[in-house]
Amino acid sequence: MTEPLRIAYSPCPNDTFVFDAWAHGRVPGAPDIDVTFADIDITNGIAERGPGESDFDVLKVSYAVLPWVLDEYALLPCGGALGRGCGPLVLTLPQALNEQGGPPSRLDLTGKTVAVPSERSTAYLLFRLWAADVVPGGVGKVVVMPFHEIMPAVRDGKVDAGLVIHEARFTYQEYGLHSLADMGEHWESTTGLPIPLGAIIARRSLGAARLRELAEVIRTSVRMAWDDPEASRPYVREHAQEMDPAVADQHIGLYVNEFTHDLGEDGYAAVRGLLTRAAAEGLVPPLGRDALSFVD
């Protein structure tokens, strides 16, 4: 009997929506999978340690970690999160940064402390590229803290600003916070490309044929979720218990799109563009010419 593939992805609604049909055996001919739920910081770390240090076959990771892992893992051309109008936000208190009493300005971040959820995240790369363009002299101190602590820390004045992602786009007003800048808006306006956020990678040692099979399974799982969204609702709800169902639906609508089904030319251009710009800023190692190839 063939052992199930081991896969790790987040409990976020976009991931549970995408993988619901596969996880529950509804994709015809798909291999069985053993699912582990883990935040993306955890899966990034697993990928960086490499297949020799873990037995995961497929992982959801940040695009930002790809330069460190592509020798051992292949980027699959589907299943991830790219899009438009879905970028990370920099949040502040409404008047916290401006001593003159006007609305906060991105210029006011110069020398200030900003909380981020990870330094190995696409959100962080987008933030650093944005700050290099529009914050004279750069921000002061960057501190890493768990995602769920960032908005309370900004609200309570423990940090000057916070970088947030995903459902925080829909809930930050509940903390009395102000959106200082939209990293995705800046990225889109300067590149014309979608925003690359989360990627699906698989062990290259599985072989080219298996990698192609997995890509088609994921595409089928995505199509099945679109065709019958109600079928995925219990799985989504089970793993997003504290999230308002309407917010979960917004989350899925924003992060599951045509790029989830297939990266396509624009998707690959976005990924390469982000990582090339980040390498030029010294944030990541440079990519090899064929590093993003689906299979060898």
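Provided above is the structure to which this section pertains.
Everything in this summary refers to the structure shown in the same document. Here the residue index of a chain counts from 1 through its sequence in written order. Confidence filtering applies because this is a predicted model: local features only for residues at pLDDT of at least 70, side-chain atom pairs given and counted only at 80 or more, and all residues used for totals across whole chains, interfaces and linings. The side-chain values count all of the structure's non-hydrogen atoms but skip hydrogen atoms and water molecules.

1. Details of helix H5 (residues 147–155)
For every residue, the accessible area obtained with a 1.4 Å probe (protein chains only) is divided by the maximum for its type, and the residue is called buried under 20%, exposed over 50%, and partly exposed between those limits. In this description a helix means any DSSP run of H or I spanning at least four residues, a strand means any run of E spanning at least two, and both kinds are numbered starting from the N terminus. Regarding H5, the residues found buried are Ile150, Met151, Pro152, Ala153 and Val154. Count one or two residues on from H5 and you reach glycine 157, which has phi positive near 75°.

2. Description of the pattern of salt bridges
Here, a salt bridge means any Lys or Arg side-chain nitrogen found within 4 Å of an Asp or Glu carboxyl oxygen. A full pass over the atoms with the stated rule returns 15 salt bridges. Arginine 26 is the partner of aspartate 20 in a salt bridge, and the nearest nitrogen-oxygen pair spans 2.3 Å. The exposure class of aspartate 20 is buried, given its relative accessible area of 3%. Each of the salt bridges in this network shares a partner with another, and the network as a whole consists of Glu216, Arg219, Arg223 and Asp262.

3. A short note on the packing of aromatic side chains
Note on aromatic contacts: the rings of Phe and Tyr and the six-membered ring of Trp form a pair at centre separations within 6.5 Å, being stacked when their planes are under 30 degrees apart, edge-to-face when over 60 apart, and tilted otherwise. Summed over all chains, the structure comprises five aromatic pairs. Seen from their ring centres, tyrosine 9 and phenylalanine 37 are 5.5 Å apart, and the 85° between their planes marks the pair as edge-to-face. Within this pair, whereas tyrosine 9 is found in strand S1 (residues 5–9), its partner phenylalanine 37 is found in strand S2 (residues 33–37), the two being separated by 28 residues in sequence. When its relative accessible area of 30% is taken as the criterion, phenylalanine 37 is described as partly exposed. On the numbers, 6.2 Å between centres and 35° between planes, the contact of phenylalanine 19 with tryptophan 22 is tilted.

4. A look at the pairing of strand S9 (residues 161–164)
Of the two faces of S9, the one carrying Ala161 and Leu163 and the one carrying Gly162 and Val164 are both buried. As judged from the three bridges shared by strand S6 (residues 89–92) and S9, these two strands associate in the antiparallel manner. Among the inter-strand pairings, leucine 89 is bridged to a residue of S9, identified as valine 164. Paired strands are those between which DSSP finds at least two bridges. Across two bridges, the pairing between strand S7 (residues 113–116) and S9 is parallel. When the bridges of S9 are listed, valine 114 appears paired with alanine 161.

5. Let's talk about the layout of surface pockets
Lining residues are defined by having an atom within 4 Å of a point belonging to a cavity or pocket. Those points lie on a 1 Å grid over the protein atoms alone, cavities being sets where a 1.4 Å probe fits but cannot get out and pockets being open sets with protein on both sides within 12 Å along at least five of seven lines. Grid points are joined across faces, edges and corners, and a volume is the space filled by probe spheres set on the points. Of the pockets and cavities examined, the second largest pocket occupies roughly 190 Å³. Phe17, Pro229, Ser232, Arg233, Val236, Arg237, Ala240, Met243, Pro245, Ala248, Asp249 and Ile252 are the residues that line the second largest pocket. Only helix H9 (229–239) and helix H10 (245–255) provide two or more residues apiece to the lining of the second largest pocket. Ranked by the residues each element gives to the lining of the second largest pocket, the list is headed by H9, at five residues. Gly falls in the polar group here, along with every residue not listed as nonpolar (Ala, Val, Leu, Ile, Met, Phe, Trp, Tyr, Cys, Pro) or charged (Asp, Glu, Lys, Arg). Residues of the lining of the second largest pocket, tallied by class, amount to eight nonpolar, one polar and three charged.

6. Here's the deal with helix H2 (residues 40–49)
Listed as buried for H2 are Thr43, Asn44, Gly45, Ile46 and Ala47. Considering only its buried residues, H2 is in contact with S1, strand S3 (58–62), helix H3 (66–69), strand S4 (73–75) and strand S11 (195–203). Glycine 50 occupies a position one or two residues after H2 and carries a positive phi of about 90°. Two residues qualify as a contact provided that any one of their heavy atoms is within 4.5 Å of a heavy atom in the partner residue.

Purely geometric numbers; function is a separate question.
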